[in-house]
Amino acid sequence: GESVGLHLPTLSVQEGDNSIINCAYSNSASDYFIWYKQESGKGPQFIIDIRSNMDKRQGQRVTVLLNKTVKHLSLQIAATQPGDSAVYFCAEASNAGGTSYGKLTFGQGTILTVHP
Amino acid sequence: DAGVIQSPRHEVTEMGQEVTLRCKPISGHDYLFWYRQTMMRGLELLIYFNNNVPIDDSGMPEDRFSAKMPNASFSTLKIQPSEPRDSAVYFCASSLPLQGRRAEAFFGQGTRLTVV
């Protein structure tokens, strides 16, 4: 039969607009979250991280918001540029046992397209 | 550091052949991960190592897949025999432990495997 690929959410914005990318996670034990950016032909690259004892963290042009009540994570990109066009993934991990690093579980990704 | 280094970047092989993918993690990182990325399933964790010891191989799809880490600076992912459905981009990533610091996984450029 015919294979069906993932239908990634897409977000299309104009250059200079702000972008908001959303992610729902499923594991309530997750206590560390990361946003990755993946450009075509490359591996995922770190953007920003946040721990579960925080609800907001800001970086350069990016802000991550964490809502543990509804298990929701968002990435806000200010003044979006064409170079921000990529697939964005959220990833979660749990610090199981308090001393070791758990595996990262990735969301399906969101395609961001920025039009000049 | 040159980052995580994977080889080869591209591999085309015939069904039934053995394929070996290689990875050199970032020096000093004691976690190493193998991920597979496809349109069908997104980014999946296959196996990860801590201090050269396999911790979780629950993502390895079948016995045809095996991974080793003989020392802290080298890992291999082997598929024998390969099948067309193994065609994907395989990423290796490495990281430091989570404890009290940024602990994102750094990804290599990936190996694009095509099995015909």
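This structure is a prediction, so every number in the text was calculated from the model and none was measured.

This part covers the packing of aromatic side chains. Applying the stated criterion across every chain, the model contains 12 aromatic pairs over all chains. Relative to B:Tyr48, the ring of B:Phe33 has its centre 5.3 Å away and its plane inclined at 25 degrees; by these criteria the two rings are stacked. With B:Phe33 in strand S4 (residues 31–38) and B:Tyr48 in strand S5 (residues 42–50), the pair connects residues that are 15 residues apart, well separated along the chain. For the pair B:Phe33 and B:Tyr48, one class covers both residues: buried. The rings of A:Tyr36, A:Phe89, A:Phe106, B:Tyr31, B:Phe33, B:Tyr35, B:Tyr48, B:Phe91 and B:Phe107 are connected pair by pair, giving a single aromatic cluster.

So, about the nonpolar core. Residue and element names in this part refer to chain B. Residues Trp34, Leu77 and Tyr90 are the most contacted members of the largest nonpolar core, which totals 21 residues. Elements supplying a minimum of two residues to this core: strand S3 (19–24), S4, S5, strand S7 (65–71), strand S8 (74–79), strand S9 (88–95) and strand S11 (111–115). In this structure, Phe33, Tyr35, Val89 and Ala93 belong to the second largest nonpolar core, which totals 20 residues.

What counts and how
Residues numbered from 1 in each chain as written. Chains lettered and ligands numbered in written order. Predicted model: local features only at pLDDT ≥ 70, side-chain atom pairs only at ≥ 80, totals over all residues. Heavy atoms only, no water. Phe/Tyr/Trp six-rings, centres within 6.5 Å; stacked < 30°, edge-to-face > 60°. Helix = DSSP H or I, 4+ residues; strand = E, 2+ residues; numbered from the N terminus. Buried < 20%, exposed > 50% of the residue type's maximum accessible area, 1.4 Å probe, protein only. Core = buried A, V, L, I, M, F, W, Y, C linked by side-chain atoms within 4.5 Å.

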